[in-house]
Each structure stands twice: as C-alpha cells, then as structure tokens.
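Take a look at the letters that make up each chain.
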Amino acid sequence: MASHTAASDPLARLVSTLESSPAMYLADSGLASYPGAPEIRVAIESLVAEQKDVLSRAANLIADREQLLPQVAFPIAYTAWHDVDLRHLAARVIESLKRQVADFTVLAGAAGDAAGSDLAGRAQEIARRHAETLEGLLVRLRAGLAGQTA
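Please read all numbers here as calculations on a predicted model, not as lab measurements.

Calculation criteria
- Numbers given to residues run from 1 along each chain, matching the order in which its sequence is written.
- Totals for whole chains, interfaces and linings use all residues, but because this is a predicted model, local features are given only for residues with pLDDT of at least 70 and pairs of side-chain atoms are given and counted only at 80 or more.
- Side-chain figures throughout are based on the complete set of non-hydrogen atoms in the structure, without hydrogens or water.
- For helices the rule is a DSSP run of H or I covering at least 4 residues; for strands it is a run of E covering at least 2, with both sets numbered from the N terminus onward.
- Put simply, the radius of gyration uses C-alpha atoms, and a globule should come to 2.2 Å times the residue count raised to 0.38.
- The buried label goes to any residue with under 20% of its type's maximum accessible area, the exposed label to any with over 50%, and the partly exposed label to all in between, with areas taken from a 1.4 Å probe on protein chains only.
- It only takes one pair of heavy atoms within 4.5 Å for two residues to be counted as in contact.
- The Shrake-Rupley method, run with a 1.4 Å probe, gives the accessible areas here. Residue values count only the displayed protein chains as cover.
- When charges are counted, neither His nor the chain ends are considered; positive counts come from Lys and Arg and negative counts from Asp and Glu.
- To locate a charge, take atom NZ for lysine, CZ for arginine, CG for aspartate or CD for glutamate.
- In this scheme, a helix's expected span is set at 1.5 Å multiplied by one less than its residue total.
- Salt bridges are counted wherever a side-chain nitrogen of Lys or Arg sits within 4 Å of a carboxyl oxygen of Asp or Glu.

Caption draft 1: Quick peek at the overall build of the chain. The number of helices and strands found in the chain is five helices and zero strands. In the chain, the order of α-helices and β-strands from amino to carboxyl end is α-α-α-α-α. Against the globule reference of 15 Å for 150 residues, the chain gives a C-alpha radius of gyration of 16 Å, in line with a compact fold. By principal-axis analysis of the C-alpha atoms, the chain measures approximately 55 × 30 × 20 Å. In the chain, which comprises 150 residues, the share counted as buried stands at 39%. Counting contacts in the chain only where the partners sit at least 6 residues apart, residues at least 24 apart contribute 81% of the total. By element, 55% of the accessible surface of the chain is carried by carbon and sulfur atoms, the whole surface being about 7,700 Å². Computed over 14 positive and 18 negative side-chain charges, the separation of the two mean positions in the chain equals 6 Å.

Dropping the structure here:
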C-alpha cells in the first residue's frame, strides 16, 4: 500500500517544481499555438522532453518507495499567457529555470538519498544548460540573427 509523500521529500519537491513550471504549462497548453519564433518553440520542446525524462525517473523512484506522487497544479496566472509571444514567455521560462538551478542545488545536496540527489543533480544540469541556451537564443533574435548558430 502506498504511503503519503511528504512535501519536504526531495523527490516530491523535484516533481512539484518541474510539473508546475512555465515550460511544462506551455507544452501542456499547446506550445504550437503560441505566436513567436519557431526557434523558441523548438528550444522549449527540447527542455520539456528532457525534464519529462527526469519526471519519469522520479516517479519510478517514488513508486519503488511505495509513496504517492505529489498532486501538482499550474498557477492560475499562467492562463493569461495565451496569445502572448514566445519571446516574452521565454524570459519567464528562463527566470523559472534559474530558480530551479538554485532549488535543485539544495536537493542534490540532500543527505541520505543518493538516487534522489543524483536525479536532482541531473535536473540542475538540464535547467542550467537550457537557461543558457534560451538566453543565447533571445540575444540572437534581438540581434536579428535567428536561425544562426552561436
């Protein structure tokens, strides 16, 4: 029988952070329907794919421990984003990724849970790399260099 997962559990916090993120919301609400540069859409799709892999691995660990997955919802404020250009929303995603890096640094350092720490470290690396990628992409778009590699 599955037991309750405490909100302070590092894996539960990792799942909650990722599942309620702006990038996950954009993907779940139909990323293709948002106006804006296709390069941003591709970058967010790549981010979400990697984070969904981490979520899957975290869910498996939680299930193996016979705990329940945390119930997560998106903030209601995200619903105002429909029809907002992806360039503007990318800045929100970057802010979120930077917060994730800090959060996952703490989770990766949690004592007594090697598997959870490793997964948090992986999530931290993904967040850092994609924040840098999106920041570089926004710089290239502002400079009119869309479609060119850095």
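Caption draft 2: Quick look at helix 3 (residues 38-64). Helix length check: helix 3 (27 residues) gives 39 Å between terminal C-alpha atoms against 39 Å at 1.5 Å per residue, within 8%. A positive phi of about 55° marks Glu-66, the residue just after helix 3.

Caption draft 3: Representation of the pattern of salt bridges within the structure. Scanning the entire structure with this criterion turns up six salt bridges. One salt bridge in this structure joins Glu-50 and Arg-122, with 3.3 Å as the shortest N-O distance. Separated by 72 residues along the polypeptide, Glu-50 in helix 3 and Arg-122 in helix 5 (residues 114-142) bring together distant segments of the chain. Look at Glu-50 and you get buried, because its relative accessible area is 18%.

All quantities given are derived from atomic positions and should not be read as evidence of function.
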